[in-house]
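Chain by chain, the residues:
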Amino acid sequence: MRIGGKIVRLEQIDSTNTYLKLNRHRYKSGTVAITNTQTNGHGRHDKTWLSVPGKSLTFSLLLSTHSKSISIPFFHLFPVVAIVQSLLKFKIDAKIKWPNDIEVRGKKIGGILIEIFSHPPKTDVIIGIGLNVLEDASDFTAELKNQAGSIYSLENRTIKKEELFQSLLLELNLIYEQYRDRSQWRALQKLWRDQCAHLNEKITIFQQDKKIKGIFVGLDDNGFAIVETASEQLIIQDYDYVSLRAEHDTDN
Ligand code: BTN
């Protein structure tokens, strides 16, 4: 089934990721769950993901595979590329901030939470997407104001959430089908690089108790980040407990 072949619409739920996690045995691969009011959304690093009813776009999709080995980086790369492609179609100059945040003019407008459940021979991947669409500045806490924004607060555009949602589903399906074969990963990585906000820039990566300063030079063949520090080239084989600050970031 294509991504979005079945859409479960929930008026209110704690988290669309949790919903799909608990109900994944009932649904086929490609099922999408969307809610108007997410009451206990979570982001990476076990952080809370705040959403404003009617203003934020919050949905998750389930992809199940029986293949023996899955590429974790692929599941991180393809959704963010699809989201940025879709936003570009709305003439929103969105960029990717590694590992898979979406930013506009240096402010985060969206994030993706990937959760993987392996029970051989099947693996379920849940991809949760949160996008700030219609929030205004007052919807963000003082702490978030410097770093986060919405399409409305940054672009002064009132895009219809349902229109954006449908466009995202089309693009997610297209990019997934086009690039899922390993032979296509280089092409997907090229798209990722073209959309990256901090390629060849000075960055700092925060990885649990480590802080790595260097130049972000791209992705290796497996999709992991390559950073050149003063003394060596590092491959960061982590997508979960990492974050990045670029020199141009607004909160520096
Ligand atoms: C991040 O940047 O930390 C990732 C945020 C992901 C938020 C989305 S909203 C829909 C889905 N449900 C959740 O609880 N989280 C994801």
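Note that the structure is predicted; figures quoted are calculated from it, not measured. (Residues numbered from 1 in each chain as written. Predicted model: local features only at pLDDT ≥ 70, side-chain atom pairs only at ≥ 80, totals over all residues. Heavy atoms only, no water.)

Notes on the pairing of strand S4 (residues 94-97)
Pairing between S4 and strand S5 (residues 101-104): 4 bridges, direction antiparallel. Each residue of the ladder has a partner; that of Ile96, found in S5, is Ile102. Counting the residues between successive antiparallel strands, the hairpin from S4 to S5 contains 3 residues. (Pairing = 2+ DSSP bridges. Helix = DSSP H or I, 4+ residues; strand = E, 2+ residues; numbered from the N terminus.)

Focus: the site of the ligand
Ser15, Gln38, His42, Arg44 and Lys108 are the nearest of the 20 residues found near the ligand. A distance of 2.7 Å separates an oxygen atom of the ligand from a polar backbone atom of Arg44. The side chain of Lys108 places a nitrogen or oxygen atom 2.6 Å from an oxygen atom of the ligand. Here the ligand, which alone exposes 410 Å², has 97% of that area covered by the protein. Counting atoms within 2 Å of the grid points, the majority share of the ligand lands in the largest pocket. Contributions of two or more residues to the shell around the ligand are made by helix H1 (16-23), strand S3 (56-65), strand S6 (107-119) and strand S7 (122-132). Element by element, the count of residues in the shell around the ligand is highest for S6, at 4 residues. Class assignment for the residues of the shell around the ligand results in 5 nonpolar, 12 polar and 3 charged. (Near = heavy atom within 4 Å. Polar contact = N/O pair within 3.5 Å; in protein donor to acceptor, adjacent residues only side chain to side chain. Areas by Shrake-Rupley, 256 points an atom, 1.4 Å probe, with all protein chains shown as cover. 1 Å grid on protein atoms, 1.4 Å probe; cavity = no way out; pocket = protein on both sides within 12 Å on 5 of 7 lines; lining within 4 Å. Sits in = over half its atoms within 2 Å of the grid points. Nonpolar A, V, L, I, M, F, W, Y, C, P; charged D, E, K, R; others polar.)

Things to note about the side chain of Asn132
Among the structural elements, Asn132 can be located in strand S7. Among the polar contacts made by the side chain of Asn132, one reaches the main-chain carbonyl oxygen of Gly149 at a distance of 3.1 Å.

With respect to the sheet that holds S4
Strand order in the open sheet made by the 7 strands is S1-S2-S3-S7-S6-S5-S4, with mixed pairing throughout. Whereas interior strands pair on both sides, the edge strands pair on one side only; in this sheet they are strand S1 (7-13) and S4. For this sheet the average axis-to-axis angle between neighbouring strands, irrespective of direction, equals 20°. Sheet topology note: the S3/S7 ladder contains 10 bridges and is antiparallel. The residue of S7 that forms the bridge with Ser56 is Asn132. Across the face of the sheet, helix H5 (residues 161-179) comes into contact with S1, strand S2 (32-38), S3 and S7 while running at roughly 25° to S3. (Axes fitted to C-alpha atoms, helices over the stretch in contact; angles between N-to-C directions. Contact = heavy atoms within 4.5 Å.)

Looking at the packing of aromatic side chains
By the definition in use, this model includes 12 aromatic pairs. Considering the side-chain rings of Phe74 and Phe78, the 5.2 Å spacing of their centres and the 20° angle between planes classify their relative orientation as stacked. Placement of the pair is Phe74 and Phe78 together in helix H2 (residues 72-89), with a separation of 4 residues, close to one helical turn. With relative accessibility at 0%, the residue Phe78 sits in the buried group. Between Phe74 and Trp185, the ring centres sit 5.9 Å apart and the planes meet at 15°, which makes this aromatic pair stacked. Of the two residues, Phe74 is situated in helix H2 and Trp185 in helix H6 (residues 185-195); the sequence distance between them amounts to 111 residues. With respect to class, Phe74 is no different from Trp185; both count as buried. An aromatic cluster is built from Phe74, Phe75, Phe78, Tyr176 and Trp185, whose rings are joined through pairwise contacts. Lying across the ring of Phe117, Arg24 places its NZ or CZ 4.5 Å from the centre. (Phe/Tyr/Trp six-rings, centres within 6.5 Å; stacked < 30°, edge-to-face > 60°. Buried < 20%, exposed > 50% of the residue type's maximum accessible area, 1.4 Å probe, protein only. Lys NZ or Arg CZ within 6 Å of the ring centre and 35° of its normal.)

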